[in-house]
Amino acid sequence: MAQAEANGQSSPSDLEKKIIRQIEYYFGDANLKRDKFLQQEIKSDDGWVSLETMVKFNRLKQLSEDFEVLVTALAKSKSGLIEISEDKLKIRRSENKPIPGDTEENRKDVKARSVYCKGFSLESTLDDVQDIIEKFGPIAHIQMRKDADKKFKGSVFAVFMNAEDAEKFLAEENFKIGEEGALKMSKDAYFVMKAEEKKKEKEDEKERKVQEAMQKEKEEKLAADKAAFEDFTEGCILHFSGTSDQTSREDLKEVFGEHGTVNWVDFVRGQTEGTIRFDDDVKAVEVIEKVKAANDGKIQVRGQDIAVRVLEGEEEKKHWVKVFEDKTASRLRMQAGRKGKRGRFSGRRDKRGYDEPRGKKTKFSDSDNEDGAETKQTEKKEVKLEDKGDADAGTKKRPLEADTPSENPPKQLKAE
């Protein structure tokens, strides 16, 4: 048998390079581990596979079916991976290069030799990619990454034959694919990057759903408010003018509230005009008539005549638009306020879940009584105590003990 080595032969042609690449890929670490068909062929004849079988592989068949061409190309390979039988009709993986076992050390070695590269044309072929990356050193395996439709995505995973070439590839600062720049990194770094991107995507998606829910809730409330506005009752708003600077809302309610339920008074003391909104079942015009009837045809507030009229048409509609807008703005302010108050209690909570006050601790001084009675000291002043046990003794006064230093510091006891 003869081992495929250069042995002074001429450099391989472009076709021969492609043949070498393809056959060494078939017998390489990455493919041979998962190629069930090739594994069966190897077992049947001490590792040998006939060239007649090999030329049935589509990619090799496209390159050449001529045994002499294939053998001549393999003889120029410098990797030493493939052996050629003496009759030049069979090939096998060199016994000196067994497939590495699945050990932690080997996995680390493959990881150190694996790189990611993006920026290839979507029309690129495996040969195109190999021509670019192989400039940095021999390649053991290239995976053309494809999308769900099995179309090339423009990026690859490549495994160099040795870690030094992988490091040289990653260290190249001016690496370009054609005229365009390229993104390259270790395979490990790529997976870290993708994990961070997915994490951010999940966070962004979560935030988007929260914002959508909030927007939906806001729109639903706006729609409900708008529906209520569109169904407003006409003729229940009274406009007044000519009030004195001392007039208050209570004064207005006192005059008009006797003849119809007042829902809202839009007025601030010091103004000279405003509006009164009655309940839906109250007509403002009827209230005006009742007030005049009760006051000899006059309408006075705090002894001063005022002018009144019922809002109608466009003026009434504008009023209701303002009411709608004010209600919506008020609701949004309240919602924002409630959110801001969450977590405001910084005190501890007792077992029942109530906030425990964080005031000053009350101190109690020891008593000299032999029975251990304790006198509660809340302030440094005399406290009047009544002896309710003896009616004839009357009311007795006992001063608190003087604030004199004691041998032992006052004990701090828990108030019951």
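All of these numbers come straight from a predicted model, not from anything done at the bench.

The rules behind these values
Residues numbered from 1 in each chain as written. Predicted model: local features only at pLDDT ≥ 70, side-chain atom pairs only at ≥ 80, totals over all residues. Heavy atoms only, no water. Pairing = 2+ DSSP bridges. Helix = DSSP H or I, 4+ residues; strand = E, 2+ residues; numbered from the N terminus. Axes fitted to C-alpha atoms, helices over the stretch in contact; angles between N-to-C directions. Contact = heavy atoms within 4.5 Å. Phe/Tyr/Trp six-rings, centres within 6.5 Å; stacked < 30°, edge-to-face > 60°. Buried < 20%, exposed > 50% of the residue type's maximum accessible area, 1.4 Å probe, protein only. Lys NZ or Arg CZ within 6 Å of the ring centre and 35° of its normal. Core = buried A, V, L, I, M, F, W, Y, C linked by side-chain atoms within 4.5 Å.

## Side note on the sheet that holds strand S16 (residues 307-310)
- Overall, antiparallel pairing links the four strands, which are arranged S12-S13-S11-S16 in an open sheet. Unpaired on one side and paired on the other, strand S12 (262-266) and S16 mark the two borders of the sheet. Between one strand axis and the next, the sheet turns by 20 degrees as a mean value, whatever way the strands run.
- Two strands pair when backbone bridges link them, and S12 and strand S13 (residues 273-278) are joined in this way by four bridges, in the antiparallel orientation. Residue pairing across strands places valine 265 opposite isoleucine 276, the latter belonging to S13.
- Contacts between helix H11 (residues 249-256) and the sheet are confined to strand S11 (237-241), S12, S13 and S16, with S12 contributing the most and set at about 140 degrees to the helix.

## Quick notes on the packing of aromatic side chains
- Tallied over the entire structure, the rule returns 13 aromatic pairs.
- With 6.1 Å between their ring centres and 55 degrees between their planes, tyrosine 25 and tyrosine 26 make a pair best called tilted.
- Residues phenylalanine 136 and phenylalanine 169 carry aromatic rings whose centres are separated by 5.2 Å and whose planes lie at 80 degrees to one another, so their mutual orientation is edge-to-face. Of this pair, phenylalanine 136 sits in the loop between helix H8 (126-133) and strand S6 (139-146) while phenylalanine 169 is found in helix H9 (residues 163-171), placing the two residues 33 residues apart along the sequence.
- A relative accessible area of 13% places phenylalanine 136 in the buried class.
- When its relative accessible area of 0% is taken as the criterion, phenylalanine 169 is described as buried.
- Its end group placed over the ring of phenylalanine 169, lysine 184 keeps NZ or CZ at 5.6 Å from the ring centre.
- Directly above the ring of phenylalanine 157 sits lysine 187, whose terminal nitrogen or CZ lies 4.8 Å from the centroid.

## Let's talk about H8
- Every buried residue of H8 is listed here: Asp127, Val129, Gln130, Ile132 and Ile133.
- Buried positions along H8 lie against helix H1 (14-26), helix H5 (58-63), S6, strand S7 (152-160) and strand S8 (176-177).

## Structural notes on the nonpolar core
- Ranked by size, the top nonpolar core spans 22 residues in total, and within it Ile23, Phe27, Leu38, Met54, Leu60 and Ile91 carry the most contacts.
- Not counting the four nearest positions on each side in its chain, isoleucine 91 is found in contact with Ile23, Phe27, Gly47, Trp48, Val49, Leu51, Met54, Leu74, Ile82, Glu83 and Ile84.

## Description of unusual backbone geometry
- A positive phi angle, near 55 degrees, is found at aspartate 296, a position not held by glycine.
- Checked against the element boundaries, aspartate 296 lands in the loop between helix H12 (284-294) and strand S14 (300-301).
- Exposure remark for aspartate 296: the relative accessible area of 75% places this residue in the exposed category.
- A positive phi is found at arginine 302, a non-glycine position, where the angle reads about 55 degrees.
- Mapped onto the fold, arginine 302 is located in the loop between S14 and strand S15 (304-305).

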